[in-house]
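Summary of structural features
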Amino acid sequence: NSLGAIISQQTQELRETDVTLGKISNGDYGICEMCEDPIGFQRLKVKPHAIYCIDCREIVEKSK
């Protein structure tokens, strides 16, 4: 069901946005959850709710 897929995607994006707002409040925004290095500005510009830097994201994707 494509409507179910859309709702699921929107729900996931809402969760990610809530996490991002919490990180902004805590002063943790823009820090990779894996290596704790800053996430690059260009990555955050494309995906403001990113939780991994580009290198760690590739590691996570490969391990799936």
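Scroll up to find the structure.
All of the points below concern the structure found in this document. The structure displayed is predicted, hence computed values, not measured ones. (Residues numbered from 1 in each chain as written. Predicted model: local features only at pLDDT ≥ 70, side-chain atom pairs only at ≥ 80, totals over all residues. Heavy atoms only, no water.)

Turning next to the nonpolar core. Cys-32, Ile-39, Leu-44, Ala-50, Cys-53 and Cys-56 together form the largest nonpolar core, which totals 6 residues. If sequence neighbours within four positions are ignored, Ile-39 has contacts with Gly-30, Ile-31, Cys-32, Leu-44, Ala-50, Ile-51, Tyr-52 and Cys-53. (Core = buried A, V, L, I, M, F, W, Y, C linked by side-chain atoms within 4.5 Å. Buried < 20%, exposed > 50% of the residue type's maximum accessible area, 1.4 Å probe, protein only. Contact = heavy atoms within 4.5 Å.)

At 3.6 residues per turn, the α-helix brings residues three or four places apart onto the same side. When the terminal C-alpha atoms of helix H1 (residues 2-26) are compared, their 36 Å separation across 25 residues agrees well with the 36 Å that a helix rising 1.5 Å per residue should span. Residue Gly-27 follows H1 closely and has a positive phi angle near 80°. (Helix = DSSP H or I, 4+ residues; strand = E, 2+ residues; numbered from the N terminus. Expected span 1.5 Å × (residues − 1).)

With respect to the helices, strands and loops of the structure, Thr-20 is situated in helix H1. One polar contact links the side chain of Thr-20 to the main-chain carbonyl oxygen of Glu-16, over a distance of 2.9 Å. (Polar contact = N/O pair within 3.5 Å; in protein donor to acceptor, adjacent residues only side chain to side chain.)

As for its position among the elements, Lys-23 is in helix H1. For Lys-23, a relative accessible area of 13% puts it in the buried group. Setting aside anything within four residues of it in sequence, one finds Lys-23 in contact with Asp-28, Tyr-29, Ile-31, Glu-33 and Ile-51.

A cluster of nonpolar side chains, contributed by Leu-3, Ile-6 and Ile-7, occupies part of the molecular surface with about 300 Å² of accessible area. By the element assignment, Ile-7 lies in helix H1. On the basis of relative accessibility, which here comes to 49%, the residue Ile-7 falls in the partly exposed class. (Patch = residues over 30% accessible without salt bridge, like charges linked within 9 Å, V, L, I, M, F, W, Y side chains within 5 Å. Areas by Shrake-Rupley, 256 points an atom, 1.4 Å probe, with all protein chains shown as cover. Salt bridge = Lys/Arg side-chain N within 4 Å of Asp/Glu carboxyl O.)

This model, assessed by the stated rule, comprises 2 salt bridges. Salt-bridge contacts for Glu-61 lead to Lys-64; the nearest nitrogen and oxygen are separated by 3.9 Å. Classification of Glu-61 as partly exposed rests on a relative accessible area of 43%.

Let us now look at a negative patch on the surface. Negative charge collects at one region of the surface, where Glu-36, Asp-37, Asp-55 and Glu-58 lie side by side. Residue placement: Glu-36 occurs in the loop between H1 and helix H2 (41-46). (Lys, Arg positive; Asp, Glu negative; His and termini not counted. Charge placed at Lys NZ, Arg CZ, Asp CG, Glu CD.)

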